[in-house]
Amino acid sequence: MSSILVFVESADGRIKKSSLEAIAFAHAMGGEVTAIAFGNEVSQDELSGLGNFGATKVLHINDEKLNQGVIQAYASGIAQAMEKIGADVLVLANSSLGNPVSARVAIKMDASLVSNVTELPSTDGGFSVKRSIYTGKAFANVELTKAKKILAIRKNAAEVKELGGSANVEVFSANFNDADFSAKITSTEKATGDILLPEAEIVVSGGRGLKGSENWGMIEELAKELGAATGCSKPVSDMGWRPHHEHVGQTGVKVSPQLYIAIGISGAIQHLAGVNSSKNIVVINKDPEAPFFKAADYGIVGDAFEVIPKLTEAIKAAK
Ligand SMILES: Cc1cc2nc3c(=O)[nH]c(=O)nc-3n(C[C@H](O)[C@H](O)[C@H](O)COP(=O)(O)OP(=O)(O)OC[C@H]3O[C@@H](n4cnc5c(N)ncnc54)[C@H](O)[C@@H]3O)c2cc1C
């Protein structure tokens, strides 16, 4: 593997963890890893810090117009960067931004594209990767046949390790045209909460078993003690107990935390579709027959209104 480009995403001036995973994944593939970053909100230190995770160089398109996910322009910039460094492979996060960007780069570069990649490619007699399909219930092995290849990796597909070192940051001037800015973001609405749900390492999620919005204080307190984001099942957000951006599942946010705690959630297949790439799942439910227990690593059969306060107290005491 000669040269790999990694598209890195940022939020609030920090590189997202999913992009650090993309760099770790590219580094584990071997070869020289170059990252590409857009906008002027990320500091030079943050960018050179990508060397700690396996990038040797960072191409920075340092333009204020590119601060907010400008999909067409990002795709143009990435295609030009791939040409410049002679990259045969692009690695990026399988995210709401990464997916539309990767599709456009695939068209521009006539590349083979695979999303939801879960493991490093096998290059024995070709180039094939394993991807997750049917919302995590099965895997497919896919052969990539074009000279240029794009891998959109699923969260937790690579372990982020600190390797030491720093990357050279170079300003990269890409040529953009009007078509690259034909779709404009006119306003954005930020989700509330300190920790973004799709990026969270720990998620505490509540379902209809919590009976009403007035009972969410104990969920928030537990989440605060754990440094977790809060989530919920679909009926909970449909009933307005919680905001829609907290709804986890097939039709909501897909999460891949290290720890997902499901409280008073039955474990319907549509909910599981959003959580089944979590590293560890803990289920708290008063019904021992609740389907969620089948997907759980650990389970507590009990009434949430008794278990949660005790759990929160125990975590406080352990601190
Ligand atoms: C097309 C489609 C898409 C959907 N998409 C999604 C989706 O993205 N996300 C999603 O979540 N759902 C989705 N659903 C809905 C899904 O099928 C379930 O109806 C929903 O997940 C159930 O939510 P729940 O587990 O909170 O509620 P319930 O099914 O009512 O379960 C409540 C659970 O709480 C437990 N409980 C009750 N009281 C207590 C207590 N005191 N202590 C502890 N446990 C208690 C009960 O034993 C039960 O297991 C979708 C459905 C359809 C048809």
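Residues numbered from 1 in each chain as written. Predicted model: local features only at pLDDT ≥ 70, side-chain atom pairs only at ≥ 80, totals over all residues.

The subject of this paragraph is the overall build of the chain. Secondary structure summary: the chain contains nine helices and 16 strands in total. C-alpha atoms of the chain, sized along the principal axes, occupy 60 × 45 × 40 Å. For the chain, the residues scored as buried account for 43% of the 319 residues in total. Considering only contacts within the chain whose residues lie at least 6 apart along the sequence, 67% involve residues at least 24 apart. (Helix = DSSP H or I, 4+ residues; strand = E, 2+ residues; numbered from the N terminus. Buried ≥ 20, exposed ≤ 12 C-beta atoms within 10 Å, placed from the backbone. Contact = placed C-beta atoms within 7 Å.)

Spacing of three or four residues puts side chains on the same side of an α-helix, whose turn is 3.6 residues. For helix α9 (residues 304-318), which comprises 15 residues, the first-to-last C-alpha distance of 20 Å matches the rise-based estimate of 21 Å (1.5 Å per residue) to within 8%. Of the residues making up α9, those classed as buried are Ala-304, Ile-308 and Leu-311. The buried residues of α9 occupy one face: seen down the axis, they fall within an arc of 65 degrees. More than 90 degrees from the buried face of α9, the exposed residues found are Glu-306, Lys-310, Glu-313, Ala-314, Lys-316 and Ala-317. Buried residues along α9 sit in contact with α5 (217-226), β14 (259-263) and β15 (280-285). (Expected span 1.5 Å × (residues − 1). Arc of directions from axis to C-beta.)

A few words now on the site of the ligand. Around the ligand sit 25 residues in total, of which Gly-207, Gly-209, Ser-233, Lys-234 and Gly-249 are the nearest. At the level of elements, α6 (234-238), α7 (269-272) and α9 are the ones that each hand at least two residues to the shell around the ligand. In terms of residue count, α6 provides more of the shell around the ligand than any other element does, three residues in total. For the shell around the ligand, a count of residues per class yields seven nonpolar, 13 polar and five charged. (Near = placed C-beta within 6 Å. Nonpolar A, V, L, I, M, F, W, Y, C, P; charged D, E, K, R; others polar.)

The relative placement of two packed helices comes down to the angle between their axes together with the axis-to-axis distance. Running from N to C, helix α3 (residues 71-85) and helix α4 (residues 98-109) cross one another at 50 degrees; their axes reach a closest spacing of 9 Å. When the axis of α3 is compared with that of α4, the two are oblique. Crossing of α3 over α4 shows right-handed handedness. Together, Ile-71, Gln-72, Tyr-74, Ala-75, Ile-78, Ala-79 and Met-82 of α3 and Pro-100, Val-101, Arg-104, Val-105, Lys-108 and Met-109 of α4 make up the contact between the two elements. Split by residue class, the contact of α3 with α4 holds 10 nonpolar, one polar and two charged. (Axes fitted to C-alpha atoms, helices over the stretch in contact; angles between N-to-C directions. Parallel < 35°, antiparallel > 145°, perpendicular 65-115°, else oblique. Left-handed = near helix turned anticlockwise from the far one by under 90°.)

All right, on to the pairing of strand β6 (residues 89-93) then. Along a regular strand, successive side chains alternate from one face of the sheet to the other. Among the five residues of β6, five are classified as buried, and the element is accordingly described as predominantly covered. Here β6 shows two buried faces, one formed by Val-89, Val-91 and Ala-93 and the other by Leu-90 and Leu-92. In the sheet, strand β1 (residues 3-7) pairs with β6 via three bridges, with the strands oriented parallel. Paired with Leu-5 across the two strands is Leu-90, which belongs to β6. (Pairing = 2+ DSSP bridges.)

Moving on, we get to the nonpolar core. Within soluble globular proteins, side chains that are nonpolar tend to cluster in buried spots. Core analysis: the largest hydrophobic core is formed by 58 residues, its most contacted members being Val-6, Ile-23, Ile-78, Leu-90 and Val-91. When residues in this core are grouped by element, the largest group, seven residues, is from α3. Core analysis: the next-biggest nonpolar cluster, separate from the first, contains 31 residues, Val-236, Trp-241, Ile-261 and Ile-284 among them. (Core = buried A, V, L, I, M, F, W, Y, C linked by C-beta atoms within 7 Å.)

Moving on to the sheet that holds β15. Reading across the sheet, the five strands line up as β13-β12-β14-β15-β16 and stay open at both edges, with parallel pairing between neighbours. The sheet is open, and its two borders are formed by β13 (229-232) and β16 (298-301), each paired with just one other strand. Averaged over all adjacent pairs, the angle separating strand axes in this sheet is 15 degrees, with direction ignored.

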